[in-house]
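# Structural overview for review
Each chain is listed here by its residues.
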Amino acid sequence: MRKLKTIIPVAGILLLILSAASLYVAMQGISKVHPAEDYEDIGVLTFRPYDVLPVQVQNTGASSRDRRMNPTKTVCMVYYRATDGSGYKWSDEALTRDLGKDIVEAGETVERRVLSIPSDGTYITVEPEQTAGSYTEGLRGKYTRIIGLSTLYILFYLIALILVKLVSRLRKNWAANQEVERAAVPRNVSAASQLGPEIEEPRRFRPPEKWSGWRQEPGGIEVRKPPRIHPRIKLCLFLLAAVFLLAVFQRLGSSDPVDLDYGWNGNTWICDELGLRFDLPAGGVIYDSEEQQKAREEKFGRRGSAGQVLLTVIDPGEGSNLELLVVRTDLPTEDFLLKMATLYAENAAGEGSFELEAREDLTVGGRPWRTWRIELPEQGRVNWYLYRQDGEYALSLTSSGPTVQTPPAILACFQGTNSLVIVPTNQYLPPIGADGYFTATFPPSLLGNMTPEELVEDFQKDAETAAEQGLTPDQFPGFRDLTANGDGSVTYSFTEEQYRRSKETYYAWGLRILPEFFGLDPAEVVKGLEYDRVDANGIPWGVTVRVDRTVFQDQGTFAEFVSKLVPYTMIGRYQIMCGVPAGEWTVYVTVKDAGSGEIILEQDFYG
């Protein structure tokens, strides 16, 4: 019983705190819900998966200790794109990367209703049976239920607390009155005093010191009860205390502990106090940064210490992402900076390994940033950690992408001077054929080590497997058909979606180190690739390959294959899909020693 009396008050206080926090969160959430009139119903669109990428999310499924050590985890998101070419996109989580790849390869379509918000320049996707009215009504209903339950418990707690205090006060007053009445009754002790000297007259009654307002008169004792606080005054004091606690909670739960003005104006994110403006890349997705913010709060305990995530954007086309974090703090030491970069690398790698390398300062948004490069071999990605101090604010800019050496192009979307050499996106599409499809013809020099007949045979096997899975040629991930020509060239047939996806793939693979195959690891030879000789149409005509000189010279044919043949084949195909005639493609390959920067060889490849 004694334990129960202790547990009940503690549980009541914890529930009160939980109710107050839920009430605050629900009030914030319901205030952000757009009215149904703000949404424009685009209609139900068909979405087809086109890529799977790892992203960082809050680690909610782990134990409390694991969440503190690893507040975020890497999950795989399958990205979908509308099949009508409107550019709308949607993403869904996959259990594993292999399952995500299977979903992309299967190409199974999903129907989603698109609701656009013209005032913000954003949009959401919901289930096809939902409308703008039912979606907003559902959100408001959820928040309203939370507000109602939280308010009901807070009122119940206040009423119970007042009743407990009143009952306690009544009991104390009743006990005091009984004691006073017993002390004030006249007692005759004259007869008792004659029986012996040991019987003494009772002592005069002395009230407790904590009782005030007493006075004693010759005829007896007159008692004035202690002054009592009026219940209305008590209620006012309690309400003032509640308002104070809510103000404290609001300050601790403020969505902007760094006190900066920032936000989106159309497709441009603006924070003039930091001198930063970011233009959303074509096809970019504005990611909800609340999950990352919650993870930081769980790890650091207070929002002021955790800082504030101001900007989170994903570019599915490039396969990159970007996050800007601001913390109010003094200028850190070099050791602390290295510790922060290492901690970011450990969180990004998870249970895998990583290689942390300090690089020369990058200029992003017209300002120099301290730069670290983190390679994640198991994930096949490279992360970048950039830092700079702006007065009392410490800015951490993190980004990751599939490229090996060059920082992701999404970093160059900040307005101002940038020291990144970024290839602009080429949007070329060839004239559509009579059959309603697009074609691209690759000469024999860009077929790698395979003959046209081998390519056709491999495609037919893949097509049979896809047909068994219920896929049509238009749903194939790369191309829908190919034909071997008499001159040794091969003509590929694409839908518009397949054509754009293949261009993106060739461009990305031109800067990518191949994974290990046949027991040989290309990463031992090639250490990085960079495009050069880029024209105004965003077409690269050269590539610089950094290699380990010793391994490059020892591995002979294999080293030439991964450092020359693969890059120029991918770039040559990309050139043709950008409108370059098949006989005019050319790629100038420069191989340099990764350590000294000395040129080992230069060679021009052309059709």
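Residues numbered from 1 in each chain as written. Predicted model: local features only at pLDDT ≥ 70, side-chain atom pairs only at ≥ 80, totals over all residues. Heavy atoms only, no water.

### A look at the overall build of the protein chain
- Assigned secondary structure in the protein chain consists of 13 helices and 24 strands.
- By the burial criterion, 39% of the 607 residues in the protein chain qualify as buried.
- Long-range pairs, those at least 24 residues apart, make up 59% of the contacts in the protein chain with a sequence separation of at least 6.
- With the model as given, the accessible surface of the protein chain reaches about 34200 Å², and the carbon-plus-sulfur share is 55%. (Helix = DSSP H or I, 4+ residues; strand = E, 2+ residues; numbered from the N terminus. Buried < 20%, exposed > 50% of the residue type's maximum accessible area, 1.4 Å probe, protein only. Contact = heavy atoms within 4.5 Å. Areas by Shrake-Rupley, 256 points an atom, 1.4 Å probe, with all protein chains shown as cover.)

### Observations regarding the packing of aromatic side chains
- Tallied over the full model, the rule gives 22 aromatic pairs.
- Between Tyr-153 and Tyr-157, the ring centres sit 6.3 Å apart and the planes meet at 40°, which makes this aromatic pair tilted. Placement of both Tyr-153 and Tyr-157 in helix α4 (residues 132-184) is noted, with a separation of four residues, approximately one turn of the helix.
- A centroid spacing of 4.7 Å and a plane angle of 90° characterise the contact between Phe-479 and Tyr-492, whose relative ring orientation is edge-to-face. With Phe-479 in the loop between α10 (452-468) and β19 (481-484) and Tyr-492 in strand β20 (residues 490-494), this residue pair connects regions lying 13 residues apart in the sequence.
- For Phe-479, a relative accessible area of 23% corresponds to the partly exposed category.
- Sitting above the plane of the Tyr-437 ring, Arg-480 keeps its charged end 3.8 Å from the centroid.
- The ring centre of Tyr-588 lies 4.0 Å from the NZ or CZ of Arg-533, which sits over that ring. (Phe/Tyr/Trp six-rings, centres within 6.5 Å; stacked < 30°, edge-to-face > 60°. Lys NZ or Arg CZ within 6 Å of the ring centre and 35° of its normal.)

### What to know about the nonpolar core
- Within the largest apolar cluster, 48 residues are counted, with the highest numbers of intra-cluster contacts made by Phe-442, Val-525, Val-543 and Val-589.
- When residues in this core are grouped by element, the largest group, ten residues, is from helix α13 (residues 556-577).
- Val-525 has contacts with Arg-546, Val-547, Asp-548, Val-551, Phe-552, Gln-555, Phe-558, Ala-559 and Val-562, leaving out every residue within four places of it along the chain.
- Core analysis: the next-biggest nonpolar cluster, separate from the first, contains 26 residues, Leu-276, Leu-397, Cys-413 and Phe-414 among them. (Core = buried A, V, L, I, M, F, W, Y, C linked by side-chain atoms within 4.5 Å.)

### Comments concerning the side chain of Arg-573
- On the secondary structure map, Arg-573 appears in helix α13.
- One buried charged side chain, Arg-573, makes no salt bridge at all; its nearest oppositely charged neighbour is Asp-458, positioned 11 Å away.
- A polar contact is formed between the side chain of Arg-573 and the backbone oxygen of Leu-446, at a distance of 2.9 Å. (Lys, Arg positive; Asp, Glu negative; His and termini not counted. Salt bridge = Lys/Arg side-chain N within 4 Å of Asp/Glu carboxyl O. Polar contact = N/O pair within 3.5 Å; in protein donor to acceptor, adjacent residues only side chain to side chain.)

### Some remarks on a nonpolar patch on the surface
- A cluster of nonpolar residues, Val-10, Ile-13, Leu-14 and Ile-17, forms a patch on the protein surface that exposes about 350 Å² of accessible area.
- Along the chain, the position of Ile-17 falls in helix α1 (residues 2-32).
- The class for Ile-17 is partly exposed, based on a relative accessible area of 42%. (Patch = residues over 30% accessible without salt bridge, like charges linked within 9 Å, V, L, I, M, F, W, Y side chains within 5 Å.)

### Digging into the pairing of strand β23 (residues 586-593)
- Counting buried positions along β23 gives six out of eight residues, so the element sits mostly inside the fold.
- Strand direction decides the pairing type here: strand β22 (residues 540-547) and β23, joined by six bridges, are parallel. Each bridged residue has a counterpart across the sheet, and for Arg-546 the counterpart in β23 is Lys-592.
- Direction of pairing for β23 relative to strand β24 (residues 599-606): antiparallel, over a ladder of seven bridges. In the strand pairing of β24, Tyr-588 is matched with Asp-604.
- Taking the residues between adjacent antiparallel strands as the criterion, β23 and β24 are bridged by five residues, where Gly-597 takes a positive phi near 80°. (Pairing = 2+ DSSP bridges.)

### What about the environment of Ile-286?
- With respect to the helices and strands, the residue Ile-286 is situated in strand β11 (residues 285-286).
- Overall, Ile-286 belongs to the partly exposed group, its relative accessible area being 32%.
- Note: C-alpha distance between Ile-286 and Val-313 (27 residues apart in sequence) is 4.8 Å.
- In contact with Ile-286, other than residues within four places in its own chain, are Thr-122, Trp-264, Leu-280 and Thr-312.

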